[in-house]
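# Inside the fold
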Amino acid sequence: MAQEVRHLLGMEGLSAEDITLLLDTAESLAEVCERDVKKVPTLRGKTVVNLFLENSTRTRISFEIAAKRLSADSINISGSGSSMSKGETLADTARNLAAMAPDAIVVRHPSAGAARLLADIVGCHIINAGDGSHEHPTQALLDILTIRQHKPHLAGLKVAIVGDILHSRVARSNLFALRTLGAELRLAGPPTLLPRAFEQFGASIHHDLAEAVEGADVIMMLRVQRERQEGNYFPDLDEYARYFCLTEEVVSRAADDVIILHPGPMNRGIEISSGVADGPWSVMMHQVTNGVALRMAVLYQLIVPGADGIRGSETDEATAGRESAGSVPPPRQAGGASGGRA
Amino acid sequence: MSARSVLDSGRVGRVLLRIAHEILERNGGGDLALVGIRTTGVPLAGRLAATMESIEGRAPDLGSVDVTMYRDDQGRLGTAAVVGQTDIPFDITNRTVVLVDDVLFTGRTIRSALDALMDFGRPAAVQLAVLVDRGHRELPIRADYVGKNIPTSIDQKVQVRLAELDGEDAVYLEGN
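This one's a predicted model, so the numbers in the text were calculated from it and none came from an experiment.

### Side note on the overall build of chain B
- When you go through chain B residue by residue, the secondary structure sums to four helices and eight strands.
- Secondary structure of chain B in N-to-C order comes out as β-α-β-α-β-β-α-β-β-β-α-β.
- Since a compact globule built from 176 residues should have a radius of gyration of about 16 Å, the 16 Å found for chain B is in line with a globular shape.
- Taken over the C-alpha atoms alone, chain B extends approximately 45 × 35 × 30 Å along its principal axes.
- Looking at chain B alone, contacts between residues at least 24 apart form 69% of all its contacts between residues at least 6 apart.

Here you go:
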């Protein structure tokens, strides 16, 4: 029997049931966001620390709003205003935060494995809000929630993920989750940003955008991450755009009812044309709206004891499996094991 | 563990008919709203609304509320508490709202439902209709309309089954 999951470190290792539970919870909590009084008391007295050591608008605000709508107290820490700018290590910062007894820490960090490191040294729940090029599980969950609202049957759905696959934690988390849910995955990008190794995910590899998009039900665009490109992965942005910019002409090759996602922030004219970004296929604002409800669902399922609880697909039983109510289950993580790149 | 039937299908129907009449009598048929408490209260509210419409020719507004996020015993349940949808597609301010649930026990569910309701507006009055009152209140809450009072011991379980959810209308009392 699977045990309670204490952390959300990645989509790797989460079962289809866990994913569905989080999406269903988010669907119910979305109603709270449409009320005049956008608040329920369920996490009253709980403290959520948002430790964002890399720039973020959407994700940080989304987590903050999510915590507040559940009546938790949320506190934001960014790298520049904290002791980390005085040279304190991530581990020491985390230990000091943990000593103030928060119930959950939401962490974004430029290094892969940062969330796992925190989960290993502190006692509270850890939620990965993006660790380097590794995983960004809540983004994948909100993407899949958005897809599910438009295309209820995920199994067999043709999903093309396009762009800088190599550096994208969004792509990695979506690959793990969509593979678990049985979608047909296609990856597209220049060979430098899409190594053959990605075939391991059961995805087909395309270096021609039109070929990947042909008949697709869903196109998921990725941001060209200029900040992560110390190497020269492509000659220049103009050339990248010539081959991999999603234009209306390319979109016309996809299914008639195709939907287009982008995790933001987007580079208009580089990976996506303005016509497409603002066109009828775009569900980007749904993604942002869904992000709040989805993060409420994650906070609720992790923090509230006796909530349904995501359970993880690993089946290592034995170690103190059946705890009586009130005792603290041993730390377990959902996914996100290696911290390395696929 | 034994289970004995305390209300059969015919009696559930008659009890609901009586409650529908009582609600209309007390409120003069006025501008009513029924809100069912998830899960079992929702089909009960639906049936009461249909019955009231067949009596008065006018249907009350119908909504549902999920109280999971308002409970004071989260984590003490130890069982799955799936968060359901709340759907109150009308303004409750200055209306008479009748909350509908299957079993009134400790009163904590009703307390949660009252809190949830207040987040949607300021009703003129809130009344409570339940199919079964089994006693053992832990809060100063009472029902305005009761289908049947069933004396129970604290260890017993009252199970309400409805055709919409379980394929039959019946109330069972489990345990000794």
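### What about the environment of I61(A)?
Residues and elements named next belong to chain A.
- In this fold, I61 is placed in helix α2 (residues 58–69).
- For I61, a count of 15 C-beta atoms within 10 Å corresponds to the partly exposed category.
- In sequence terms I61 and L14 are 47 residues apart; their C-alpha atoms lie 25 Å from each other.

### Considerations on the pairing of strand β3 (residues 73–78) of chain A
All names here are of chain A.
- In this structure, strand β2 (residues 47–52) lies alongside β3, joined through six bridges in parallel fashion. Looking at the pairing, V49 lines up with I75 of β3.
- In this fold, the crossover linking β2 to β3 by way of α2 has right-handed handedness.

### Thoughts on the confidence of the model for chain B
Residues and elements named next belong to chain B.
- For chain B, mean pLDDT is 92; residues scoring 70 or higher make up 95% of the total.
- Contacts from residues 76–80, a stretch scored under 50 in pLDDT, to residues over four places away or in other chains number six contacts.
- The complex model carries a pTM of 0.85, and its ipTM stands at 0.79.

### Digging into the packing of helix α1 (residues 16–29) of chain A against helix α5 (residues 137–150) of chain A
Residues and elements named next belong to chain A.
- At a minimum axis distance of 10 Å, the contact between α1 and α5 shows a crossing angle of 70 degrees. The pairing of α1 with α5 is recorded here as roughly perpendicular in orientation. Along the contact surface, α1 presents I19, L22, L23 and A26, while α5 presents L141, I144, L145 and R148.
- Each residue belonging to the contact of α1 with α5 can be placed in one class, and the counts come to seven nonpolar, no polar and one charged.

### Quick look at the environment of I165(A)
Residues and elements named next belong to chain A.
- Within the element layout of this structure, I165 appears in the loop between β6 (158–162) and α6 (169–180).
- For I165, a count of 25 C-beta atoms within 10 Å corresponds to the buried category.
- Along the chain, I165 and L193 lie 28 residues apart, while their C-alpha atoms are 5.8 Å from each other.
- Setting aside residues up to four positions removed in sequence, I165 forms contacts with A171, L187, G189, L193, L194, F198 and L222.

### Thoughts on the sheet that holds β6(A)
Residue and element names in this part refer to chain A.
- What the five strands build is an open sheet, ordered β8-β7-β6-β9-β10; its pairing is parallel. Each edge of the open sheet carries a strand with a single partner, namely β8 (204–206) and β10 (259–261). Here the average twist between neighbouring strands, direction ignored, is 20 degrees.
- Relative to β10, strand β9 (residues 218–221) runs parallel, the two being bridged by three bridges. Within β10, the position partnered with I219 by the bridge is I260.

### Topic: the nonpolar core
- With 151 residues, the main nonpolar core has V162(A), I219(A), L299(A) and L48(B) as its most contacted residues.
- Per-element tally for this core: the top contributor is helix α11 (residues 284–303) of chain A, with eleven residues.
- In this structure, this core is formed jointly by two domains, domain 1 (7–135 + 291–316) and domain 2 (137–286) of chain A, each of which donates at least three residues.
- Excluding its chain neighbours within four sequence positions, the residues that come into contact with I219(A) are A160(A), V162(A), V213(A), L246(A), A254(A), V258(A) and I260(A).

### Remarks on the domain arrangement of chain A
Residue and element names in this part refer to chain A.
- When the domains of chain A are assigned, the result is domain 1 (7–135 + 291–316) and domain 2 (137–286).
- Here the C-alpha centre of domain 2 lies 25 Å away from the C-alpha centre of domain 1.
- Listed as interface residues are 24 residues of domain 1 and, on the opposing side, 19 residues of domain 2.
- Among the secondary structure elements, those contributing two or more residues to the side of domain 1 that touches domain 2 are α1, β5 (125–131) and α11.
- Counted by class, the side of domain 1 that touches domain 2 contains eleven nonpolar, eight polar and five charged residues.

### Considerations on the confidence of the model for chain A
- Here chain A averages 87 in pLDDT, while 87% of its residues score no lower than 70.
- Residue range residues 313–342 of chain A is modelled with pLDDT below 50. Its contacts to residues more than four positions away, or to other chains, number 61 contacts.

Rules used in this analysis
- Just so you know, the residues in each chain are numbered from 1, in the order the chain's sequence is written.
- As they are written, the chains are lettered A onward and the ligands numbered 1 onward, keeping that order.
- Local features in this predicted model are restricted to residues whose pLDDT is 70 or higher, and side-chain atom pairs enter the listing and the counts only when it is 80 or higher, whereas totals over whole chains, interfaces and linings include all residues.
- A run of H or I in DSSP becomes a helix once it reaches four residues, and a run of E becomes a strand once it reaches two; helices and strands are each numbered from the N terminus.
- With the radius of gyration taken over C-alpha atoms, the globule rule is written as 2.2 Å times the number of residues to the power 0.38.
- For every residue pair, C-beta atoms are placed from the backbone, and the pair is scored as a contact if these atoms sit within 7 Å.
- The exposure label follows from counting other C-beta atoms within 10 Å of a residue's C-beta, where the C-beta atoms are placed from the backbone and the thresholds are 20 or more for buried and 12 or fewer for exposed, leaving partly exposed in between.
- Only strands joined by at least two bridges in the DSSP assignment are considered to pair.
- With the strands aimed away from the viewer, a crossover counts as right-handed if its path from the first strand over the helix to the second runs clockwise.
- pLDDT is a per-residue confidence score from the predictor, ranging from 0 to 100.
- In this analysis, axes come from line fits to C-alpha atoms, helices being fitted only over the stretch in contact, and the angle between any two N-to-C directions falls in the range 0 to 180 degrees.
- For this classification, under 35 degrees means roughly parallel, over 145 means roughly antiparallel, 65 to 115 means roughly perpendicular, and everything else is oblique.
- Note on residue categories: nonpolar means Ala, Val, Leu, Ile, Met, Phe, Trp, Tyr, Cys or Pro, charged means Asp, Glu, Lys or Arg, and polar means any other residue, Gly included.
- A set of buried residues qualifies as a nonpolar core if it consists of Ala, Val, Leu, Ile, Met, Phe, Trp, Tyr and Cys joined through C-beta atoms within 7 Å.
- Boundary definitions for the domains trace back to an automatic or database domain assignment.

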